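Each chain, written out:
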Amino acid sequence: DATAFGVSPAEAGAMDPQQRLLLALGYASLHATSHRRVTLMGGDDGVFLGIERPDWALAQPPEARGSVYAVTGDNVSAAAGRVSFALGLQGPCSGVDTACASALVAVHWGWHAARAGESGAALALAVSLKLVPHGTLGAASAGMLSVDGRCKTLDARANGYARSEGVGALVLVLCEGSGVTTLCGSAVRQDGRSASLTAPNGSAQRTLLVVALGPIAPAEVGCIEMHGTGTALGDSTEAGA
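Residues numbered from 1 in each chain as written. Predicted model: local features only at pLDDT ≥ 70, side-chain atom pairs only at ≥ 80, totals over all residues. Heavy atoms only, no water.

## Quick notes on the overall build of the protein chain
- Per the secondary structure count, the protein chain includes ten helices and four strands.
- Taken from the N to the C terminus, the helices and strands of the protein chain come in the order α-α-α-β-α-α-α-β-α-β-α-β-α-α.
- In terms of overall dimensions, the protein chain is globule-like: its C-alpha atoms have a radius of gyration of 20 Å, near the 18 Å expected for 241 residues.
- If you line up the protein chain on its principal axes, its C-alpha atoms span 50 × 50 × 30 Å.
- Per-residue burial over the protein chain gives 36% buried out of 241 residues.
- Residue pairs in contact within the protein chain that sit at least 24 positions apart in sequence constitute 74% of those at least 6 positions apart.
- Summed over its atoms, the accessible surface of the protein chain is roughly 13800 Å², and 59% of this surface lies on carbon and sulfur atoms.
- Averaging the positions of the 15 positive and the 20 negative side-chain charges in the protein chain gives two centres separated by 4 Å. (Helix = DSSP H or I, 4+ residues; strand = E, 2+ residues; numbered from the N terminus. Rg over C-alpha atoms; globule rule 2.2 N^0.38 Å. Buried < 20%, exposed > 50% of the residue type's maximum accessible area, 1.4 Å probe, protein only. Contact = heavy atoms within 4.5 Å. Areas by Shrake-Rupley, 256 points an atom, 1.4 Å probe, with all protein chains shown as cover. Lys, Arg positive; Asp, Glu negative; His and termini not counted. Charge placed at Lys NZ, Arg CZ, Asp CG, Glu CD.)

## Focus on the packing of aromatic side chains
- In the structure shown here, the tally under the stated rule is zero aromatic pairs.
- Across from the ring centre of Y27, 5.0 Å away, lies the NZ or CZ of R37, which sits over that ring. (Phe/Tyr/Trp six-rings, centres within 6.5 Å; stacked < 30°, edge-to-face > 60°. Lys NZ or Arg CZ within 6 Å of the ring centre and 35° of its normal.)

## Things to note about the environment of E52
- Looking at where E52 falls in the secondary structure, it is placed in the loop between strand 1 (46–51) and helix 4 (55–59).
- Judged by relative accessible area, which is 21%, E52 ranks as partly exposed.
- Distance in space between the C-alpha atoms of E52 and S102 is 7.7 Å, their sequence separation being 50 residues.
- Beyond its immediate chain neighbours, meaning those up to four positions away, E52 contacts V76, D97, A99, S128 and K130.
- Within the local environment of E52, its side chain forms a polar contact with the side chain of S128, the two groups lying 3.2 Å apart. (Polar contact = N/O pair within 3.5 Å; in protein donor to acceptor, adjacent residues only side chain to side chain.)

## Overview of the packing of helix 2 (residues 17–32) against helix 6 (residues 76–87)
- Where helix 2 meets helix 6, the axes come as close as 10 Å, and the angle between the chain directions of the two elements is 50°. Compared by their axis directions, helix 2 and helix 6 come out oblique. Our pair here, helix 2 against helix 6, has a crossing hand that is right-handed. Contact residues: helix 2 offers Q19, L22, L23, Y27 and L30, while helix 6 offers A79, R82, V83, A86 and L87. (Axes fitted to C-alpha atoms, helices over the stretch in contact; angles between N-to-C directions. Parallel < 35°, antiparallel > 145°, perpendicular 65-115°, else oblique. Left-handed = near helix turned anticlockwise from the far one by under 90°.)

## Overview of the environment of G13
- Position of G13 relative to the elements: it lies in helix 1 (residues 9–14).
- Distance in space between the C-alpha atoms of G13 and A2 is 9.7 Å, their sequence separation being eleven residues.
- Ignoring anything within four residues of it in the chain, the contact list for G13 reads R20 and W56.

## A short note on helix 9 (residues 202–213)
- Taking 1.5 Å as the rise per residue, helix 9 with twelve residues should run 16 Å; its terminal C-alpha atoms sit 17 Å apart, in good agreement.
- Within the sequence span of helix 9, burial applies to G202, A204 and Q205. For helix 9, the angular spread of buried residues about the axis comes to 160°, placing them on one side.
- Positive backbone phi, at 60°, marks G214, one or two positions downstream of helix 9. (Expected span 1.5 Å × (residues − 1). Arc of directions from axis to C-beta.)

## Quick word on the sheet that holds strand 4 (residues 166–172)
- Judged by pairing direction, the sheet is mixed, and its four strands sit side by side in the order 2-1-3-4 without closing on themselves. Every other strand in the sheet has two partners, leaving strand 2 (93–96) and strand 4 as the edge strands with one partner each. Pairs of neighbouring strands in the sheet enclose a mean axial angle of 15°, with direction left out of account.
- Where helix 6 meets the sheet, its contacts fall on strand 1, strand 2 and strand 3 (122–128), and the angle it forms with strand 1 comes to roughly 150°.
- Seen against the sheet, helix 7 (residues 102–115) touches strand 1, strand 2, strand 3 and strand 4 and runs at an angle of roughly 165° to strand 1. (Pairing = 2+ DSSP bridges.)

## A closer look at the side chain of D16
- Position of D16 among the secondary structure elements: in the loop between helix 1 and helix 2.
- Of the side chains bearing the opposite charge, R20 lies closest to the buried D16, which forms no salt bridge; the N-O distance is 7.0 Å.
- When residues no more than four places from it in sequence are discounted, the contact partners of D16 are W56, G73 and L131. (Salt bridge = Lys/Arg side-chain N within 4 Å of Asp/Glu carboxyl O.)

Now the structure itself:
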């Protein structure tokens, strides 16, 4: 519903569908936590977005790229700002692209902003739509994709991963009480030097886990969800870490 967010039909037609999803789901998430537009307007709530490839821009015909709305409609840097603008949020606002870690990194920075008092509520969002075949073709040529389209994570039959789409939103606030899901720790680090630009580094991953756990003892952890690329190199390194 473009009208609900003050977007004209012409601008909506030129807008990356990822931005439309972020507007709808972002406000729905805030609304579900008792926020209303009248209270959001002018507030210090922040927007932290994980977003990557500008597929929409690549999909547009040459004649559409000169549109006045194309400047913001196909620009990933404007995606987070559009959410803040539509809802009148004046807190921190940023987009980050760390590939498949983008959503987690957005949560990480939103959590830190809330803890540091830089924002009231922190709206962490992430979106990924595959709108053109370029990335899939490139990954297939590099031998990264599963030939049968199925990702066999932590399996001896692992032969690559499968690209997927998704959108999500999470509202982070400082509060205590029963029934509240609590984020106890968070960390962001990089593999640094490894076998190649896309190869993992086991020792760096172990350091990351220690930092993220903080005061929590490993024995207190009841479940682990892994990235699991479904490749012999990535899975074994991550499981070892």
